[in-house]
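# Architecture and fold: a report
The residues making up each chain are set out below.
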Amino acid sequence: MGRALRPGATPRPPLALLHPGRFCLPDSQPARATVARALPAALLALAFAACNYSFNNPAQSLEPGQVSGRATAGGAPLAGASISLRGSDFDQVSRATGRFSYLPLPAGTHVFLLRQGLSRALSLEVDLGFGSDGQPEGVNLGDQDLPLASTLAVSLLAISGGADSGVVVDEATGMAVLGYSSFQLEGIPVGAHRILAATRDTTSGDVWVAGPAPVTVATSEQGTVKTLAPLQLRAATADTGDIHFRVSSLVDGLAAADASVTIVSATGAAVTPVPGPDSNGDRDVQVAEGAYFVEVDPPPAYAATVPSPARRAAVILGGDEFDLGTFYLVDQGTITAAQLVCTGDADCAPGGTCTEGICIAYTPPAAAPASLPYCNDLPYCATPGSACDAPGDVTPSSCVLDPVSTLGVCVPCSSACTPDGTIVVSAAACS
Amino acid sequence: MVAGGHRVVAAVGLWIAATALTSCPYSFTNPVDGLGVGQISGRTVADPLATGQASPVGGISVSLKGSTFDQVTHDTGYFTLIPLPAGEHTLLFRQGTNLSLVRHVEVGLGPNGQPDGVSLGDVLVPFAGSVAGTTSDYNSGVVVDETSGLTADVSSGRFRLDAMSLGDHLFKVGEVNTSTAGEWVGGPVGISLGSDAQAAVTELGVIPVHEVTPSTGTVRFRAVSLLPALAPSDILVTVSEVLRGPLAPAPAPAADGQVEVALAEGIYLVAIAPPSAQAGEVSAPPAATAVVIAGQVADLGSLYLVPPGLPAAAQLLCQVAADCLPGGTCSAGSCLNWSPPAVAPARTPLCQLRLDYCGAGQACTTADGLAGQCSAVSTGPYQTCVPCGTDCTADGIDLYVGGC
């Protein structure tokens, strides 16, 4: 992870990196030793002075709370890659140069998902600290090479009863898929993942849980399908665990505490009351074992300008904590403006120019957000245009046509999926 | 050289340090001091919720491989096996089907000629993985992991072993066609499961099998008696080939219990038993499966005869009151009013969950044509037919006995 200079700070010339004191010896040392040790330093300084050295610190030009970097594949700039701030609608697409930029983010830990179609994926955790002026620092992530994406194949094993249709969640990426017995999670980046599952008997309402399965996708496994050992379901108990999350507002005048938070269990029961944030803005909600869906919405006054982040699924086990990360409220203007940030004309190609750090006459390429599930991973349905039953979910779902596979997929109302990383297939807001 | 004033300061410092030490209620307890002869004990720690933090975990099955000596760790994670003779022993740890560990322990002889006690300290039981593969034909039979001694069915050339510990494994395959009296063997295939293999299925690929030949391999094991009055050389050994039946004469253990026998290629079941005079005094382990391949050694490790009361007595050993929770107390090193949690032994093979159409408790025929008893293990609406004379567990907790 790149660590940046505080905005406005003067970058040190290269020789300043060699602390002058390093070449001084204590007074008690013989003078000849001082001369002997100072000589190489002088020669080094001369060597540097003779070079036409130019040091351009990429962090120097960052704004407070700005996160920028360059998506690459095999070292070459990767244009058109989707980048999503996990837990938000703050999505963008890498420019022709591979460059991307997020602005302004508050101090804290943020997770970025980078994806190109079905083939490449990367998850990045970025810490933004406070600078000495009390402002969040900017971070230049440098080149971020996207490895080939993997697929996790998950099967649920129901012994001695138990429904085997429901939801499988990867806590690390936040990806959740609904299905029957066998699941697949595509677009999984290299790294550590934590897989949990929950199912529900639609007749009895009984709930089963499984996991966690701590899975590591090694670099050598990129681009492959990794099959998990079957996850054994067990009946959910009344033991409690925590749903942990935080709401952050990037909207002037909108306090995070004013956001509306709704938590619904897989049986359809609303969790009430949802406790407010602690002094750090974190929320811990204690609930019984099972699957839960968490939704964060802006207050009605902001509904037109601030989109609600996609709802997220959590599977809770007794004594465990499921970390949903941060839900962000970001106004559409900020999302659009960040997409236009540039450092040169090449960032605005084709056709645009970079004027005062903003792309003019430039339209970002179309790409589905990196946080969207793949349509292939969702259950199929027979009749596009009609209602369907998404297993393990209490939200009404709609059968929509996947134009790539030409099959119907069951998508929860007001949600979406992507068949190829570019097209977005959305379900209408069902009544 | 230290000046005189410095010497005084140093002396005063030493005096202060000595005074401070003697005034401290300092106590050092060497965990090995409290061990009995040939005792292996330790504390299981694990991270079952994958939070990155391991802590003592109870309810983990501990089995001495090749025996009926099974334990369950106390709530504190504490476990004890006693008394074991000098030599190498293999402990199997398992919780459900998620956590698994194979641990080899060497018990040495102390200066008094008695087996030393071994304190394993904290034993981290990591997440398990699965290993799957296919054979080069479509027959049925058995796959053996010589490291853990666990077996699984090969059905139509396909197998999967669940709850495999990370680390090294050695697999061999034996297949049988009873109608044609054909027999095939394959392997060995050695793999090492790294941390990337946890919670995942590692594919071995295709294991070539060949029809058995008269060429010989070796079966090696050590017959061990935990009954002092029963010498290893008096232990009875039976070696049966799956198609040809028991071998005659049966091999006899050496004075130290070692048995090494050359056998033609095939699938063998190796059993040990006490002489008739001591028949009721010890429990014999289930027969071990050995796949013999020409020029290879099938190492079964140790097979133990265990006095029936010994595991139960060892299970009650405690160090502190917390070892006997919930409800019990630790008195004179033994738990009172405490029952260990019921879980399947760590040596129990996992039930092969198939779509056997049978009624729970009734006689049935397995998919491989073996007589069995229909267990309550079910996947969805189907029951599982457990072959007669074998035990299995589906979830690592409940034990299903193919009693027939």
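This is a predicted model, so every value here is computed, not measured.

Moving on, we get to the overall build of chain A. Along the backbone of chain A there are two helices and 31 strands. The proportion of buried residues among the 431 residues of chain A is 45%. A separation threshold of at least 6 residues defines the contact pool for chain A, and within that pool the share at least 24 residues apart is 67%.

This brings us to the overall build of chain B. On a plain count of helices and strands, chain B comes out with two helices and 30 strands. When each of the 404 residues of chain B is scored for burial, the buried share is 45%. If you take every contact in chain B between residues at least 6 apart in sequence, the share linking residues at least 24 apart comes to 64%.

Let us look at the sheet that holds strand S19 (residues 245-246) of chain B. Residues and elements named next belong to chain B. The antiparallel open sheet is built from four strands, whose spatial order is S19-S18-S21-S22. Lying at the two open borders of the sheet, with one neighbouring strand each, are S19 and strand S22 (288-292). Of the pairings in the sheet, the one linking strand S21 (residues 266-273) to S22 comprises five bridges and is antiparallel in character. By the bridge assignment, Val270 is partnered in S22 with Ala288.

This part covers the sheet that holds strand S13 (residues 191-200) of chain A. By way of backbone hydrogen bonds, the strands of a sheet pair with one another, either parallel or antiparallel. Residue and element names in this part refer to chain A. Across the sheet, five strands lie side by side as S11-S10-S13-S14-S17; this open sheet has antiparallel pairing. The open sheet has two edge strands, strand S11 (176-180) and strand S17 (234-235), and neither has a second partner. Bridge count between strand S10 (residues 165-170) and S11: five bridges; the pairing is antiparallel. Each residue of the ladder has a partner; that of Gly166, found in S11, is Gly179.

Here we come to the interface of chain A and chain B. When the parts come together, some accessible area is lost, and that loss is often what is quoted as the size of the interface. With 20 residues of chain A in contact, the opposing surface of chain B contributes 21 residues. Of all the secondary-structure elements, those providing two or more residues to the side of chain A that touches chain B are strand S14 (207-217) and strand S15 (225-227) of chain A. Counting residues per element, the side of chain A that touches chain B draws most heavily on S14(A), which supplies five residues.

As a further point, take the nonpolar core. Nonpolar side chains tend to gather and get buried jointly when the protein is soluble and globular. Residue and element names in this part refer to chain A. Counting 194 residues, the largest nonpolar core has Leu114, Val168, Leu228, Ile243, Ala314 and Val315 as its most contacted members. Ranked by residues supplied to this core, first place goes to S14 with seven residues. In this view, Ile243 contacts Ile263, Val285, Val287, Tyr292, Val294, Ala314, Ile316, Phe322 and Leu324; residues no more than four positions away in its chain are not counted.

Further remarks concern the pairing of S11(A). Of all five residues making up S11(A), four are buried, and the element is well covered by its neighbours. If you look at the hairpin formed by S10(A) and S11(A), you'll find five residues sitting between the two strands, and Gly174(A) has a positive phi there, around 80°.

Let us look at the pairing of strand S18 (residues 236-241) of chain B. All names here are of chain B. In this structure, S18 lies alongside S21, joined through six bridges in antiparallel fashion. Residue pairing in the sheet places Val237 in a bridge with Ile272 of S21. Sheet analysis places S18 next to S19, joined by two bridges and oriented antiparallel. Counted as the bridge partner of Glu241 is Gly245 from S19. Remark: three residues form the turn of the hairpin made by S18 and S19, two consecutive strands paired antiparallel.

Domain assignment breaks chain B into domain 1 (32-125 + 319-347), domain 2 (129-211), domain 3 (216-305) and domain 4 (363-401). Computed over C-alpha atoms only, the centres of domain 3 of chain B and domain 4 of chain B are separated by 27 Å.

Another point: the confidence of the model for chain B. Overall, the predicted model of chain B reaches an average pLDDT of 89, with 89% of residues at or above 70. Two summary scores accompany this predicted model of the complex, namely pTM at 0.85 and ipTM at 0.85.

Looking now at the confidence of the model for chain A. All names here are of chain A. On average, residues of chain A score 85 in pLDDT, and 86% of them are at 70 or above. By mean pLDDT, the top-scoring element of chain A is S15 (97), and the lowest-scoring one is helix H1 (residues 31-50) (47). Below pLDDT 50 for its whole length, residues 1-36 participates in 43 contacts with residues either more than four positions away or in separate chains.

Scoring rules and cut-offs
- Residues numbered from 1 in each chain as written.
- Chains lettered and ligands numbered in written order.
- Predicted model: local features only at pLDDT ≥ 70, side-chain atom pairs only at ≥ 80, totals over all residues.
- Helix = DSSP H or I, 4+ residues; strand = E, 2+ residues; numbered from the N terminus.
- Buried ≥ 20, exposed ≤ 12 C-beta atoms within 10 Å, placed from the backbone.
- Contact = placed C-beta atoms within 7 Å.
- Pairing = 2+ DSSP bridges.
- Core = buried A, V, L, I, M, F, W, Y, C linked by C-beta atoms within 7 Å.
- Domains from an automatic or database assignment.
- pLDDT = per-residue confidence, 0-100.

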